[in-house]
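# Survey of secondary and tertiary structure
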Amino acid sequence: MTVHGQPIDILLVEDDPGDELMTREAFEDNKIGNTLHVVRDGEEALDFLYRQGAHAEAVRPDLILLDLNLPKYDGRQVLEKIKADPGLAHIPVVVLTTSAAEEDILRSYRLHANAYVTKPVDLDQFVAAIKQIDEFFVQVVRLPRRHS
């Protein structure tokens, strides 16, 4: 649950309030002590990551959970910008989306997504998927030291 003894900051980029709520519940149900920051479209995600506008004081996330189907800039565009920026490219990005289309999966990996997870429709399976993402990226994988 922590990077070098510290809880991690996770940025959830999700425009669907129901999916946001399920993600929050999954974190609470599993007693995941990490901080979840939520933005609701691609433009707000970029403002958060570049610390612009209302997000000028934003923390640099340790992990990004990114939906593909977003207003303003879609998740593919956001992923491309993150992975093309040397200051952001080290942040693991998990694409968390309803799309199971092979084209979306391939494109996400070509844009250097670290993982691609299709959102389960069932709440219990959704909670289990979030818990597995947390366990893998926070407990199993070594994340880079936080850079401010």
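About the criteria used
- Residues numbered from 1 in each chain as written.
- Predicted model: local features only at pLDDT ≥ 70, side-chain atom pairs only at ≥ 80, totals over all residues.
- Heavy atoms only, no water.
- 1 Å grid on protein atoms, 1.4 Å probe; cavity = no way out; pocket = protein on both sides within 12 Å on 5 of 7 lines; lining within 4 Å.
- Points joined across faces, edges and corners; volume = space filled by probe spheres on them.
- Helix = DSSP H or I, 4+ residues; strand = E, 2+ residues; numbered from the N terminus.
- Nonpolar A, V, L, I, M, F, W, Y, C, P; charged D, E, K, R; others polar.
- Pairing = 2+ DSSP bridges.
- Axes fitted to C-alpha atoms, helices over the stretch in contact; angles between N-to-C directions.
- Core = buried A, V, L, I, M, F, W, Y, C linked by side-chain atoms within 4.5 Å.
- Buried < 20%, exposed > 50% of the residue type's maximum accessible area, 1.4 Å probe, protein only.
- Contact = heavy atoms within 4.5 Å.

Looking now at empty space enclosed by the protein. All chains considered together, the criterion is met by 2 cavities of 30 Å³ or more. As for the second largest cavity, its lining consists of Ile-10, Phe-27, Leu-63, Leu-65, Ile-130, Ile-133 and Asp-134. Every element with two or more residues in the lining of the second largest cavity is listed here: strand E5 (63–66) and helix H5 (123–140). Tallying contributions element by element places H5 first for the lining of the second largest cavity, with 3 residues. Grouping the constituent residues of the lining of the second largest cavity by class yields 6 nonpolar, no polar and 1 charged.

Glancing now at the sheet that holds strand E4 (residues 35–39). The strand order across the open sheet formed by 5 strands is E4-E3-E5-E6-E7, and the pairing between neighbours is parallel. On the outer flanks of this sheet lie E4 and strand E7 (115–118), each paired with one strand and no other. Across the sheet, the axes of successive neighbouring strands diverge by a mean angle of 20°, strand direction being ignored. For strand E3 (residues 9–13) and E5, the ladder comprises 4 bridges, and the chain directions are parallel. Across the sheet, residue Leu-12 finds its bridge partner in E5, namely Leu-65.

Turning next to the nonpolar core. Soluble globular proteins: nonpolar side chains tend toward being buried together. Core analysis: the biggest nonpolar cluster contains 22 residues, and Leu-11, Val-13, Ile-64, Leu-66, Leu-79 and Ile-82 have the highest contact counts within it. Put simply, the parts of the chain that give this core at least two residues each are E3, helix H2 (42–49), E5, helix H3 (75–84) and strand E6 (93–97). Apart from the residues within four sequence positions on either side, Val-13 is in contact with Val-39, Asp-41, Ala-45, Ile-64, Leu-65, Leu-66, Asp-67 and Leu-70. Counting 20 residues, the second-largest nonpolar core is a separate cluster that includes Phe-27, Leu-36, Ala-115 and Ile-130.

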